[in-house]
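Notes for the structure review
One letter stands for each residue in the lines below.
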Amino acid sequence: MALIRPAMRLGGSPGWRSAPCRAAIFVAIGMLALAGCGKRPAKPPPAPLDVTTLTVEARDVPVSAEYVAQTQSSQAVNIQARVSGFLDKRVYKEGSLVKAGQVLFRMDQKPFQAQVDAAAAAMQRNQASLQVATANLKRTRPLAQLNALSQKDLDNAEGQYEQAAAAVAQSKAQLDTAQLNLSYTVIRSPVNGISSYAAVAEGSYVSPQNSQLTTVSVLSPMWVNFSLSENEYQRIENDIAAGRLVLPKDRNMLVEIEQVDGSVYPFTGHITFTDPSYNAQTGTFLIRASVDNPKGLLRPNQYVRARLKGAIRPGAILVPQRAVQQSGQGHFVWLVDKDGKAELRPVTVGGWYEDNWFISEGLHADDQLVVDGGQRLSSGAKVIVTARNGNAASASASASASAPAAAASR
């Protein structure tokens, strides 16, 4: 109709109705229709995706376990007054390091010195009586043998001697007690350590009810305590039984301490004690490590991290954490097969540390694991490997096992 209407407006000439004209029109329309229904060009295939891979390798991997721990003095000594009396003076500086034998407090010595003097006088009196009894016995014994004195006289002399000797011994014991009590008025530290605050003020009367004066805590060695749950312990025992975890000889794990600022403490220690029973409230048991602390860098009740080293996972497969993805069916990874195509592989993950996973099942040595670029892949997609990161096992020199402390300590 678009071709007919203009012809009618040009004067209504019937020439357009002629056969040649109609044929030309139909040919043009047919050509346009054929042109509009022509076959579209084929869509080009998707371009290969760029990925970064590494070669999976099974090897023995050193592993460690890390726990939140708290320090404890290996010997915290309560300094107590052994006698009752007035506290004259605090000699030490609170919070300072003290030496064994250093004076910490002094008590009023006058009443105790008076007791010493009285005991000494009593002893002197009894010693004089013993001398008289001894001389009397020496005179009586030969006379009794000559029948110049009766047996009763000899028995009396011997009895007086024995009584005098016993009185001397008793007075000597009383003198020793008085001198000992006098020495207790000078209160010294029995160990080298860090002192605490003074619990009793100067001038206070010290009695059995308030005899606690202060505390001195030994700094070296320092104990480091942490706890392990029953589930963790059982999991480690299962790994050892299955050969997935090997501990050092005699299960002597090395304990490394990480301080609150993230720095590593310069001295290492070893596990020295494990609680034989579980805590009924928490379901955990206590593990204690001992570490040298000659410079006093660690203080009691300080929170640190205890890192246990020495265990090995034989033939382990360790991969970067970013290479492992998760769906509703579980964890999976992407591999590059021998044809250069993406392959989805379900895996079973084990313990992890920092940016690495232990893979228990699903991967084998020499698999080409996709590390970067796996989020865009689909099964069978063509990929181009733009970089290779060596092998998975060397991606991390060491990693964390699941609590080898349990096995090391039992």
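Just so we're clear, the structure is a prediction, and the values are computed from it rather than from any experiment. (Residues numbered from 1 in each chain as written. Predicted model: local features only at pLDDT ≥ 70, side-chain atom pairs only at ≥ 80, totals over all residues. Heavy atoms only, no water.)

Moving on: the nonpolar core. In a soluble, globular protein the nonpolar side chains are often hidden away together inside. If you look at the biggest cluster of nonpolar residues, it comprises 32 residues, and the most contacted ones within it are V224, F226, V255, I257, A306 and L308. Listed by contribution, the elements that provide at least two residues to this core are β2 (59-73), β11 (222-229), α5 (230-241), β12 (254-258), β14 (284-291) and β15 (303-316). Judged by nonpolar contacts, the second largest core, of 25 residues, contains V77, L87, M107 and V200. (Core = buried A, V, L, I, M, F, W, Y, C linked by side-chain atoms within 4.5 Å. Buried < 20%, exposed > 50% of the residue type's maximum accessible area, 1.4 Å probe, protein only. Helix = DSSP H or I, 4+ residues; strand = E, 2+ residues; numbered from the N terminus.)

Enumeration over the complete set of coordinates arrives at seven aromatic pairs. Judged by centre distance (5.8 Å) and plane angle (50 degrees), the ring pair of Y265 and F267 falls under tilted. The exposure class assigned to Y265 is buried, which follows from its relative accessible area of 2%. The exposure class of F267 is partly exposed, given its relative accessible area of 30%. Relative to W334, the ring of F332 has its centre 6.3 Å away and its plane inclined at 90 degrees; by these criteria the two rings are edge-to-face. Neither residue differs from the other here; F332 and W334 are each classed as buried. These aromatic residues form a ring-pair network of at least three members: Y233, Y278 and F285. Against the face of Y92 rests R90, its NZ or CZ located 5.9 Å from the ring centre. (Phe/Tyr/Trp six-rings, centres within 6.5 Å; stacked < 30°, edge-to-face > 60°. Lys NZ or Arg CZ within 6 Å of the ring centre and 35° of its normal.)

It is worth spelling out the pattern of salt bridges at this point. Within the structure shown, the criterion is met by 14 salt bridges. Between D108 and K110 there is a salt bridge; the shortest N-O distance is 2.9 Å. A residue is classified by how much of its surface remains accessible, and D108, at 16% relative accessible area, is buried. With a relative accessible area of 61%, K110 lands in the exposed category. Between R244 and D239 there is a salt bridge, with the nearest N and O atoms lying 2.8 Å from each other. One network of salt bridges, in which partners are shared, links E66, E256, E258, R305, R307 and K309. (Salt bridge = Lys/Arg side-chain N within 4 Å of Asp/Glu carboxyl O.)

Time to look at the pairing of strand β4 (residues 85-90). Pairing analysis gives two bridges linking β4 to strand β9 (residues 205-206), with the strands arranged antiparallel. Opposite G85, over in β9, you have V206 as the bridge partner. With three bridges joining them, β4 and strand β6 (residues 103-107) adopt antiparallel strand pairing. Following the sheet pairing, K89 is matched in β6 by R106. (Pairing = 2+ DSSP bridges.)

Taking 1.5 Å as the rise per residue, helix α4 (residues 151-183) with 33 residues should run 48 Å; its terminal C-alpha atoms sit 48 Å apart, in good agreement. Buried residues of α4: L154, A157, A164, V168, S171, L175, A178, N181 and L182, and no others. Looking at the packing, one finds that the buried side of α4 touches α3 (110-145) and β7 (186-188). (Expected span 1.5 Å × (residues − 1). Contact = heavy atoms within 4.5 Å.)

The next thing to look at is unusual backbone geometry. Here S220 and P221 are connected by a cis peptide whose omega angle stands at 0 degrees. Phi is positive for N147, which is not a glycine, with a value near 65 degrees. Residue placement: N147 occurs in the loop between α3 and α4. Phi is positive for N301, which is not a glycine, with a value near 65 degrees. Overall, the relative accessible area of 55% leaves N301 in the exposed class.

With that out of the way, let us pick up the environment of R313. Take R313: it is sitting in strand β15. Accessibility expressed as a relative area gives 8% for R313, which makes it buried. In the structure, R313 is positioned 68 residues away from L245 in sequence and 4.7 Å away in space, judged by C-alpha atoms. There is a polar contact of 3.4 Å between the side chain of R313 and the backbone oxygen of R244. (Polar contact = N/O pair within 3.5 Å; in protein donor to acceptor, adjacent residues only side chain to side chain.)

This next bit is on the sheet that holds strand β10 (residues 212-217). With antiparallel pairing, four strands are arranged side by side in an open sheet as β3-β10-β8-β5. Strand pairing shows two members of the sheet lacking a second neighbour, β3 (76-80) and β5 (97-98), which therefore form its edges. Summarising the sheet, β3 and β10 pair through five bridges and their orientation is antiparallel. Residue pairing across strands places Q80 opposite Q212, the latter belonging to β10.

Within the protein, residue pLDDT values average 85, and 83% of them lie at 70 or more. Per-residue pLDDT stays below 50 along residues 1-16; that stretch engages in eight contacts with residues further than four places along the chain or on separate chains. (pLDDT = per-residue confidence, 0-100.)

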